[in-house]
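# Residue-level structure breakdown
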Amino acid sequence: MAEKARFWTYDPTNIFARILRGEIPNKTVIETSHTLAFHDIHPQAPVHVLVIPKGPYVDFAHFAAEAPAEEIVDFHRACARVCEAVAVNEDGFRIISNSGSHGHQDVPHFHLHILGGRPLGPMLAR
Ligand code: 5GP
């Protein structure tokens with residue numbers, strides 16, 4: 001079966017684009033040439049870090065489909081470095097990417113949430 005082509009429209013006024021342009025401050029955990037990781041403004045756990053690519057990708061599917069391999073590798077290695085930096089490797093952590101309306105994605109710039117620092121309970125509230 002042929003795959004349906006998807007098109008994404010990136011909104012450059014979103015809050016993470018503004019953070020990347022330096023218009024809004026952030027508490028940076030690490031930064032690489034392709035990736036920025038910073039503390040969430042409303043943390044939902046003792047550790048709550050957002051990791052974003054610097055490129056203009058709307059969501060997970062957009063990033064996976066259109067980012068060059070170098071950016072995808074850099075992004076995932078940066079996530080691993082964040083886990084080291086915020087010391088969640090030993091006790092564990094959770095990585096979440098919300099997408100679209102069912103995923104309750106608020107900011108339309110692809111990001112992962114890295115959560116930890118306490119037992120996080122079941123994956124979803126029932
Ligand atoms: P989403 O629901 O899109 O997956 O998550 C967006 C996240 O961005 C939320 O956890 C929210 O607290 C965080 N956020 C929204 N605005 C800002 C901001 O200006 N600075 C930071 N550091 N985090 C933000």
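Coordinates for the structure precede this section.
Residues numbered from 1 in each chain as written. Predicted model: local features only at pLDDT ≥ 70, side-chain atom pairs only at ≥ 80, totals over all residues. Heavy atoms only, no water.

## Side note on the site of the ligand
- In the vicinity of the ligand there are 16 residues, among which Asp-40, Asn-98, Asp-106, His-111 and His-113 approach most closely.
- Within the backbone of His-104, a nitrogen or oxygen atom sits 3.2 Å from an oxygen atom of the ligand.
- Separating an oxygen atom of the ligand from a backbone N or O atom of Val-107 is a distance of 2.9 Å.
- In isolation the ligand has 520 Å² of accessible area, and contact with the protein removes 86% of it.
- The pocket occupied by the ligand, as judged from atoms lying within 2 Å of grid points, is the largest pocket.
- At the level of secondary structure, the elements contributing two or more residues to the shell around the ligand comprise helix 1 (15-20) and strand 2 (35-39).
- The leading source of residues in the shell around the ligand is helix 1, at three residues.
- When grouped by side-chain class, the residues that make up the shell around the ligand number seven nonpolar, seven polar and two charged. (Near = heavy atom within 4 Å. Polar contact = N/O pair within 3.5 Å; in protein donor to acceptor, adjacent residues only side chain to side chain. Areas by Shrake-Rupley, 256 points an atom, 1.4 Å probe, with all protein chains shown as cover. 1 Å grid on protein atoms, 1.4 Å probe; cavity = no way out; pocket = protein on both sides within 12 Å on 5 of 7 lines; lining within 4 Å. Sits in = over half its atoms within 2 Å of the grid points. Helix = DSSP H or I, 4+ residues; strand = E, 2+ residues; numbered from the N terminus. Nonpolar A, V, L, I, M, F, W, Y, C, P; charged D, E, K, R; others polar.)

## Overview of the state of the cysteines
- Throughout the structure, instances matching the rule amount to zero disulfides.
- The thiol of Cys-79 is not disulfide-bonded; the next cysteine sulfur, from Cys-83, is found 7.1 Å away.
- Residue Cys-83 is classed as buried on the basis of its relative accessible area of 3%. (Disulfide = S-S within 2.5 Å. Buried < 20%, exposed > 50% of the residue type's maximum accessible area, 1.4 Å probe, protein only.)

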